[in-house]
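Below are the chains, spelled out letter by letter.
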Amino acid sequence: PEKTVDYELGFAKTLSLKSALKISAFYKELRDMIQITNVYQAYPAQYYTYGNIDFGTVKGMSINYDLRRTNNVQLTANYTLQFADGTGSSSNTAENIISAGFPNLRVTLPLDFDQRHSLNGNIDFRYGSGTNYNGPIWFGKKILQNFGANLTLSAGSGTPYSQQANVTTAQFGIPIQTTLEGSVNGSRKPWSFRADLKLNKSFSFALGEIGGNERKLKMNAYVWVQNLFNTDNIIAVYDYTGNPDDDGYLSSAEGQQYAAQQIDPIAFTDQYNVYVNNPNHYSRPRTIRIGLTMNF
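Residues numbered from 1 in each chain as written. Predicted model: local features only at pLDDT ≥ 70, side-chain atom pairs only at ≥ 80, totals over all residues. Heavy atoms only, no water.

**Points about the environment of serine 62**
Here serine 62 lies in strand E3 (residues 47-70). When its relative accessible area of 9% is taken as the criterion, serine 62 is described as buried. With residues up to four places along the chain from it excluded, the contact list for serine 62 reads Lys22, Ile23, Ser24, Phe26, Asn78, Tyr79 and Thr80. Within the structure, serine 62 has its side chain in polar contact with the side chain of asparagine 64 (distance 3.4 Å). (Helix = DSSP H or I, 4+ residues; strand = E, 2+ residues; numbered from the N terminus. Buried < 20%, exposed > 50% of the residue type's maximum accessible area, 1.4 Å probe, protein only. Contact = heavy atoms within 4.5 Å. Polar contact = N/O pair within 3.5 Å; in protein donor to acceptor, adjacent residues only side chain to side chain.)

**Considerations on the side chain of aspartate 247**
Secondary-structure assignment places aspartate 247 in the loop between strand E11 (213-226) and helix H2 (253-260). Although aspartate 247 is buried, it forms no salt bridge, and the closest oppositely charged side chain is lysine 189 at an N-O distance of 17 Å. Here tyrosine 272 takes part through its side chain, which lies 2.5 Å from a polar atom of the side chain of aspartate 247. Residue contacts for aspartate 247: discarding those within four places in its chain leaves Val167, Thr168, Thr169, Tyr238, Tyr240, Thr241, Tyr272 and Val276. (Lys, Arg positive; Asp, Glu negative; His and termini not counted. Salt bridge = Lys/Arg side-chain N within 4 Å of Asp/Glu carboxyl O.)

**A closer look at the packing of aromatic side chains**
Inspection of the entire model under this criterion finds eight aromatic pairs. Ring centres of tyrosine 7 and tyrosine 27 lie 6.3 Å apart, and the angle between their planes is 35°; this geometry places the pair in the tilted category. Separated by 20 residues along the polypeptide, tyrosine 7 in strand E1 (residues 3-14) and tyrosine 27 in strand E2 (residues 19-39) bring together distant segments of the chain. A ring pair is formed by tyrosine 258 and phenylalanine 268, whose centres lie 5.7 Å apart and whose planes are at 55°; its orientation type is tilted. Highlighted residues: tyrosine 258 in helix H2 and phenylalanine 268 in helix H3 (residues 265-276), separated in sequence by ten residues. (Phe/Tyr/Trp six-rings, centres within 6.5 Å; stacked < 30°, edge-to-face > 60°.)

This is how it looks when you write it as structure tokens:
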């Protein structure tokens, strides 16, 4: 089995009766991770298999701020600085190396999930009920009783990828050997930002009494907006250009020559640009969900 050993040392400080600050440092060791390997001088022939030869480390620090509900507002904020290095991000990371005839090399490089900076925040504004209600009253009605709004914010630096030195295209099904520019996972994708907003209000209706106990139907209506600002967060890029919508082929000499040989070069260029602008390279756009939950 793979092993993980995690160390963490923290410090917590009360800033007031309702707020606290926590600072922690962590160090995680990833041991005996599974990786493809080449078995030399095996009988009757050498072969590939999987073995527990990979390892990695994750180290960093985290700062957390917590504010208990004060004047209807509750707040949590977190910042994490992380360095994740290892010999392989998946069990097939070394496949190209050993296929090219190299030995089972072990070099620590940034892992695919190495996000250097991560910031998260959650703001919750909510009105209570009964004597705890302090909101507006219209015509004797506590119109915002049990109403709340929750805003979640998250931002993070880009994860690494390996920059490519030569332009390639996968459209025509012709495999082309890629050339590495710099080091493995030596480049970074852009930062990302996301905001989610949820509005909800609770209701309750009497259902009568059974055995002297009053039964109630509790309902919660909500509107949940994911990716509130409809941000085009980039989650994948082309290794040559570092862009999510352009692989660089049409700008190269090979691409221009190939386009010129088509029946309609302009139509080919337009359709190719549509083809490479892969929607899977972006996070999900704004999504609005309206729902109602019931408990009785």
